[in-house]
Amino acid sequence: MEASIQLIQNKFKLLFKNNLPNSVRFQIEYFGFKLEDNNENEFIAASKDIEILEIIEYLKNNEFNIKVCENTQKVLDQFFQKKVSFEHKIKLLKSLKDNLNTREFLDFCNSLNYLKRDLKDHQKKSFYHLYNSHCAANFSVPGSGKTAVVLAFYEKLKLESKVDAIFIIGPKNCYYSWLTEFELTLKRDPKLKILDEDKIERKKVYENYLISELYACHFMTVSNDINYLQKFFFGNKFLIVIDEAHNIKKIGGIWSNAILKLSNLCDYKVILTGTPMPNDFKDFYNYIDFLYGNNEIISSYEKAQVEVFIENKEFEKASNLISQKIYPFYTRVTKKELNLSKPNFNKPHLIKMNPIENKIHQAIITKIKYYSKTDYQKNIDLIKKVRRARVIRLRQTCSYVKNLITAIPEDLKRGDEKLIDDQDIKSLISSYDLKEKPAKLSKLKSIVNDLLNNNKKALIWSTHLKTIDLIKRELALEKINIKSITGKTKLWEREKIKNEFNDQSSNLDIIIAIPQACSESISLHKACQNAIYYDLNYNTAEFLQSLDRIHRIGGSEDNPVYYDFLQYENSIDVKVYERVFQKADRQMQVIEQDNLTFSHPEDEDWDDLYNNLNI
């Protein structure tokens, strides 16, 4: 059978001499072609952007003799030339990782005298790889200095007139951290421009000349402004950086799709994330597509293989396949390579509840124990929501009874509605502050005062806003200078608090923070080596991120850090601590291996936690 391929007015056309079997016709239509003018043997593609090589391979495998026009051949020649060039690049990047100590690397390091602050050895290695790749990921652990590496890369590109500014896309916490690092590394003010403000003001920025060396916006802003941003990027030379890139790992997500649309508009791109490990083997697809979208690093066939491996629970095979494919395109520094002081996890402080909080806690336990499950036996999803709602209520109680007034997510309410509907319990909750204070609070005050008496600062973590308000109020009454960072804290105010806390000579002794607002992109290690967990979040990645706020390069090499944990006896505190540390230990074993590997997918296992309550 014979087929010809023509490229006419930027569209591919397939012509066949003979009538096609239905299976072939179906496959051609699947590739994006459709019948032209009801001619059963002529098909036309919607555009030039079609997988023409896959079509050619498919037709050859089905014993078609293929002729191509001159324009089509030019496209194929360009593709093969690009493929050969990219294969050469892959070999180069592999060699940079496998055999780094070369004369070229030493010469490169000697050329970095334009930087105002020296890079550490592991940062130089990442920088060298990044400069040779143009686009790469850095999966180094939090606190390893990824930002400084990118700024050194930017400055070199700037000196070579290859870029004009950096464009950061990330969580709001990261904006001022980039500003601080820019000023420390390059010793000048980049005139940071944050683009999460009024849309009219953003539009003015997009439509005018560059006014800054450092632009920053949230993932959501990209999805809201994608059309304006595409034009903005087209007219300027940016180094684009996705910070805390685990936020765009969801395939088909709104944020992910918008950011991928910017990929082809920049020659220099960086992915940054220190998140311990992926929740799914497919988490890296968006990273690779963003960095090298025009090159098929993981083919459709290989992605299908990964799906089969996962379905058959052959996780090691899936891990090995993906690791092999992405190996050339990232650098990674593990915790042990930073040569930091060993962290000290003090034995948890077990505390006996005060009478009223114990009475409320036991009442909720009793409600849970005898709460009828008959209504839910045929609805597994509802059972999961009910259990999660109960766990949340127990955690709220063990932090501060008044948290029970706080609403839980709407979809969990059915599992919550009968737990605290008793009038006596409601009365105890509403009048709690008049009759008692949490037993944990007394222990916290004791630990804090011991630290302050030894001229040491402390970072306190809690996952509940009412608890944070309580602790801040109580410590302030004892003339302790304390400030809080929550989701409500303005970005400029967070930066001011951070800088004051990091100043050893300042009188800001304590920060109390919620992990969701402070566990990423904030360094608090300059003057603090003690963290106290008043309660724990059941999110392992967030917990590991929070540990690294005070355990980082630039201070933790010589100063040991200490972590304290407050727990109520025989409560969910103990179970959450056990489960979080079990998962954290597994994750740390994975990320400290020499090569990037993956754990099998793991959910938050609320059912597992619930079943371990022994109630």
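Shown above is the structure to which this text applies.
Below or above, wherever it landed, is the structure these notes cover. (Residues numbered from 1 in each chain as written. Predicted model: local features only at pLDDT ≥ 70, side-chain atom pairs only at ≥ 80, totals over all residues. Heavy atoms only, no water.)

### Let's talk about the pattern of salt bridges
Tallying each qualifying case throughout the model produces 23 salt bridges. As a salt-bridge pair, lysine 204 and glutamate 201 come within 3.4 Å of each other at their nearest N and O atoms. Highlighted residues: lysine 204 and glutamate 201, both in helix H8 (residues 199-206), separated by three residues, approximately one helical turn. Judged by relative accessible area, which is 45%, lysine 204 ranks as partly exposed. By relative accessible area, glutamate 201 is classed as partly exposed at 37%. For glutamate 314, the salt bridge identified is with lysine 317, shortest N-O distance 3.2 Å. (Salt bridge = Lys/Arg side-chain N within 4 Å of Asp/Glu carboxyl O. Helix = DSSP H or I, 4+ residues; strand = E, 2+ residues; numbered from the N terminus. Buried < 20%, exposed > 50% of the residue type's maximum accessible area, 1.4 Å probe, protein only.)

### Describing helix H21 (residues 491-502)
Between its first and last C-alpha atoms H21 spans 17 Å; for twelve residues at 1.5 Å apiece the expected length is 16 Å, and the two agree. Three or more residues of H21 are buried, namely Leu491, Arg494, Glu495, Ile497, Lys498, Phe501 and Asn502. The buried residues of H21 occupy one face: seen down the axis, they fall within an arc of 165°. Exposed positions of H21 whose direction lies more than 90 degrees from the buried face are Trp492 and Lys496. Packing partners of the buried residues in H21 comprise helix H7 (174-186), strand E15 (458-461), strand E16 (482-485), strand E17 (510-513) and helix H22 (515-518). (Expected span 1.5 Å × (residues − 1). Arc of directions from axis to C-beta. Contact = heavy atoms within 4.5 Å.)

### Things to note about unusual backbone geometry
The bulk of non-glycine residues show a negative phi, and the bulk of peptide bonds are trans. For glutamine 9, which is not a glycine, the phi torsion comes out positive at approximately 50°. Considering the arrangement of structural elements, one finds glutamine 9 in the loop between strand E1 (2-8) and strand E2 (11-16). A relative accessible area of 76% places glutamine 9 in the exposed class. Its identity as a non-glycine residue notwithstanding, asparagine 10 has a phi of 65°, on the positive side. In this fold, asparagine 10 is placed in the loop between E1 and E2.

### What about the environment of leucine 536?
Summarising the element assignment, leucine 536 is placed in the loop between strand E18 (530-533) and helix H23 (540-547). As a C-alpha pair, leucine 536 and tryptophan 461 span 75 residues in sequence and 7.9 Å in three-dimensional space. Beyond its immediate chain neighbours, meaning those up to four positions away, leucine 536 contacts Arg395, Thr463, Phe543, Phe565, Val576 and Tyr577.

### Things to note about the nonpolar core
Residues Phe127, Phe167, Ile169, Leu239, Ile242 and Ile271 are the most contacted members of the largest nonpolar core, which totals 89 residues. At eight residues, the largest contribution of residues to this core is made by helix H6 (residues 146-159). Other than its neighbours up to four places away in sequence, isoleucine 271 contacts Ala136, Ala137, Asn138, Phe139, Ile242, Ala245, Ile248, Tyr287, Phe290 and Leu291. In this structure, Val391, Ile471, Leu544 and Leu547 belong to the second largest nonpolar core, which totals 68 residues. (Core = buried A, V, L, I, M, F, W, Y, C linked by side-chain atoms within 4.5 Å.)

### Overview of the environment of serine 521
Within the secondary structure, serine 521 is located in the loop between H22 and E18. With 351 residues separating them in the primary sequence, serine 521 and glycine 170 have C-alpha atoms 9.5 Å apart. Apart from the residues lying within four places of it in its own chain, the contact partners of serine 521 are Pro171, Asn173, Cys174, Ser177, Asp243, Glu244 and Arg549.

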